[in-house]
Amino acid sequence: MLTFKGKEYPCCASLTMGVIGGKWKTVILFHLTDKTLRYSELRKEMPTVTERTLSLQLKNLEEDGVIKRKVYTSKPPLKVEYSLTNFGKTLIPVVRAIADWGHEVIENNEV
């Protein structure tokens, strides 16, 4: 058994999927790979995700130390930006491999 952030996982693959699994976490990481984005910019990149789901997924990724949330309160309106942590950047090769596979499927298969 492996333990990460107080949760137990039966194997390394299970731990990885526990951190990046689900429909939206990998998509969020994909969009944050090369840049910092505000919440509204993430919403525009993922128009079919609900606000509640996006908020929950961002919170989970932040709790796992994969992304960081920076709040600017110097003047209204409140500005919040999201970016990858150094730990989150270690997932870039995984996220790129997932994206590359999807691109290859589209190009080479008439699904």
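Residues numbered from 1 in each chain as written. Predicted model: local features only at pLDDT ≥ 70, side-chain atom pairs only at ≥ 80, totals over all residues. Heavy atoms only, no water.

As for the overall build of the chain
For the chain, the count of helices and strands is 6 helices and 5 strands. Going from N to C terminus, the chain has its helices and strands arranged as β-β-α-α-β-α-α-β-β-α-α. Principal axes of the C-alpha set define a box for the chain whose edges measure 50 × 40 × 25 Å. Relative to its 111 residues, the chain shows a buried fraction of 31%. Pairs at least 24 apart in sequence give 45% of the contacts found in the chain among residues at least 6 apart. Looking at the chain as shown, the accessible area adds up to about 7600 Å², and 55% of this sits on carbon and sulfur atoms. Here the chain holds 17 positive side-chain charges and 13 negative ones, and the gap between their average locations is 10 Å. (Helix = DSSP H or I, 4+ residues; strand = E, 2+ residues; numbered from the N terminus. Buried < 20%, exposed > 50% of the residue type's maximum accessible area, 1.4 Å probe, protein only. Contact = heavy atoms within 4.5 Å. Areas by Shrake-Rupley, 256 points an atom, 1.4 Å probe, with all protein chains shown as cover. Lys, Arg positive; Asp, Glu negative; His and termini not counted. Charge placed at Lys NZ, Arg CZ, Asp CG, Glu CD.)

Concerning the packing of aromatic side chains
Tallied over the entire structure, the rule returns 1 aromatic pair. Measuring from ring centre to ring centre gives 6.0 Å for Phe4 and Phe87, while their planes differ by 35°; the resulting arrangement is tilted. Of the two residues, Phe4 is situated in strand E1 (residues 2-4) and Phe87 in helix H5 (residues 86-89); the sequence distance between them amounts to 83 residues. Seen from the ring of Tyr72, Lys79 lies directly overhead, with NZ or CZ sitting 5.1 Å from the centre. (Phe/Tyr/Trp six-rings, centres within 6.5 Å; stacked < 30°, edge-to-face > 60°. Lys NZ or Arg CZ within 6 Å of the ring centre and 35° of its normal.)

Digging into the sheet that holds strand E3 (residues 37-38)
Strand order in the open sheet made by the 3 strands is E3-E5-E4, with antiparallel pairing throughout. Across the chains shown, the open sheet's two edge strands, defined by having one partner strand only, are E3 and strand E4 (67-72). Each of E3, E4 and strand E5 (79-84) is contacted by helix H2 (residues 25-32), which is oriented at about 95° to E5, the strand it contacts most. (Pairing = 2+ DSSP bridges. Axes fitted to C-alpha atoms, helices over the stretch in contact; angles between N-to-C directions.)

Some remarks on the pattern of salt bridges
By the definition in use, this model includes 2 salt bridges. In this structure, the salt-bridge partner of Asp34 is Arg96, at a minimum N-O distance of 3.1 Å. Of this pair, Asp34 sits in the loop between H2 and E3 while Arg96 sits in helix H6 (residues 92-108), and the two are 62 residues apart along the sequence. For Arg96, a relative accessible area of 41% gives the class partly exposed. Note that Lys79 is salt-bridged to Glu81, the shortest N-O span being 3.7 Å. Judged by relative accessible area, Lys79 falls into the partly exposed class, the value being 29%. (Salt bridge = Lys/Arg side-chain N within 4 Å of Asp/Glu carboxyl O.)

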